[in-house]
Amino acid sequence: MAAAAAGRRAALESQMQQLLAQQATQTAQATPFLSVVYPQASAPLLQRSTAADLLVLDSSFNPPTLAHASLLSASRRLVPPSTPALLLFATHNMDKGAGAGTPLLDRLDLMAALADDLSDGIADVAHDRPLVALTDQGRFTDKLRVIQSLLAAPRSGEGELSEASGVPARVHFIVGLDTLVRVFNPKYYSTSAGSSSNSSSSDSDDGVANARTALSAFFDGGGRFVCADRFLDGSGTLGDVDQTLRDAVRAGVVAHTHAMHVQRIPDWTATPVADVSSTLVRRLVGEYWAAEAGDSRDRLMAALRSAVGGRVLDAVLARRLFSANANQ
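Attention here is on the structure that accompanies the text. Small disclaimer: the values here were computed from a predicted structure and weren't measured.

**Observations concerning the packing of aromatic side chains**
If you walk through the whole model with that rule in mind, you get eight aromatic pairs. Their ring planes at 80° and their centres at 6.0 Å tell us that Phe-219 and Phe-225 sit as a pair that is edge-to-face. For the pair Phe-219 and Phe-225, one class covers both residues: buried. In textbook terms, an aromatic cluster arises when at least three aromatic residues are bridged by ring pairs, as seen for Phe-140, Phe-173, Phe-218, Phe-219 and Phe-225.

Here it is in structure tokens:
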């Protein structure tokens, strides 16, 4: 397994210079950037797909956890069989800014490790290995556009659904509830978004109108969301997907017919890994490195193995990530 991990990382590392150069060029040309980086040369596989749907797990993956794996597995039950899957990391996200804390190569290596773990069935059932991709697009409307541009790239074969044929593929983004709340928050769509000045009533009205326009284009263009309920951090209060949708419809941010394109993962809070988060894993890893050898370290390792897939954990430990002496 160590040799396979080294080969996986070497393959990613060999792509980094080309990847960064491509991103710099497209950024300079104001062209949206998206690149499928794992497995190698896998973008054509996605382009040749005849599937009418694509499942996208969009997260910071810092690090990937068994909750990510379980979310993807549960989401597969809500889309047509054999729908291909993509693990997507955005180098710039609303509220979170540029990806920081974990070097990009390490982040992509962790995502590739999750993809390999998923192909082995760590979330109850084995599936085809998801692809790993990187984009510089923060808003989902922009992510949808760049993903569908990739799907619609020139290719051979018959039966593909693409923008070129007039029928865009449905792209199902798997998101956390906190992300869904941000998607429906008008402040991210107002003309003063990102401004440090106090927002006015007109800014709020502007944000609602802009949000409705953007989200209408998103859903009409094939965008979809898959989301799970979750307990809000530290409060014990259950955050509810359906209530979030009702609030957004009532506020005029999204039409009821479009809100129906958001699917709720049933019974998510009852799953064993529902409370697992990347924040929890980073804390456990930090405590593991700080602990002396013995029972304390053994307990922490047991907790980590119940929260993180085997290849992901191996990669974290090999690079001493999330420790005071992390190789960053």
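**Side note on the nonpolar core**
Judged by nonpolar contacts, the single largest core of 54 residues is most densely connected at Leu-72, Leu-87, Leu-108 and Val-132. Here the element with the most residues in this core is helix α4 (residues 104–119); it accounts for nine residues. Discounting residues that sit within four places of it in the chain, Leu-72 has contacts with Leu-55, Leu-57, Ala-85, Leu-87, Leu-118, Pro-130 and Ile-174. Counting residues in each nonpolar core, the second largest holds 38 residues, with Val-171, Phe-219, Leu-245 and Val-253 among its members.

**As for the pairing of strand β7 (residues 170–175)**
Buried residues dominate β7, accounting for five of its six residues. Note that strand β2 (residues 53–58) and β7 share five bridges and pair parallel. Residue Leu-54 lies in a different strand from β7, and its bridge partner there is Val-171.

**A closer look at the packing of helix α10 (residues 278–290) against helix α11 (residues 295–305)**
Between α10 and α11, whose axes approach to 9 Å, the crossing angle comes to 155°. Viewed along their axes, α10 and α11 adopt a mutual orientation that is roughly antiparallel. In this structure, α10 meets α11 at a crossing whose hand is left-handed. Between α10, through Val-281, Leu-284, Val-285, Glu-287, Tyr-288 and Trp-289, and α11, the contact on the second element is made entirely by Arg-297, Leu-300, Met-301, Ala-303 and Leu-304.

**Quick word on the sheet that holds strand β3 (residues 85–90)**
Read across the sheet, seven strands follow the order β1-β6-β3-β2-β7-β8-β11 without closing on themselves; strand pairing throughout is mixed. What marks the edges here is a single partner per strand, and that holds for β1 (34–38) and β11 (262–265). Averaged over neighbouring strand pairs, the angle between their axes works out to 30° when direction is ignored. When β3 meets strand β6 (residues 131–135), the two strands line up parallel, connected through five bridges. Within the sheet, the bridge partner assigned to Leu-86 lies in β6 and is Leu-131.

**Comments concerning unusual backbone geometry**
A cis amide bond links Tyr-38 with the next residue in sequence, Pro-39, at an omega value of -10°. Residue Pro-63 is reached from Asn-62 by a cis peptide bond, and omega for that bond is 0°. Relative to the helices and strands, Pro-63 resides in the loop between β2 and α3 (66–76). Positioned with a positive phi, Phe-322 is a non-glycine residue whose angle comes to about 65°.

Reading guide: rules and limits
- Residues numbered from 1 in each chain as written.
- Predicted model: local features only at pLDDT ≥ 70, side-chain atom pairs only at ≥ 80, totals over all residues.
- Heavy atoms only, no water.
- Phe/Tyr/Trp six-rings, centres within 6.5 Å; stacked < 30°, edge-to-face > 60°.
- Buried < 20%, exposed > 50% of the residue type's maximum accessible area, 1.4 Å probe, protein only.
- Core = buried A, V, L, I, M, F, W, Y, C linked by side-chain atoms within 4.5 Å.
- Helix = DSSP H or I, 4+ residues; strand = E, 2+ residues; numbered from the N terminus.
- Contact = heavy atoms within 4.5 Å.
- Pairing = 2+ DSSP bridges.
- Axes fitted to C-alpha atoms, helices over the stretch in contact; angles between N-to-C directions.
- Parallel < 35°, antiparallel > 145°, perpendicular 65-115°, else oblique.
- Left-handed = near helix turned anticlockwise from the far one by under 90°.

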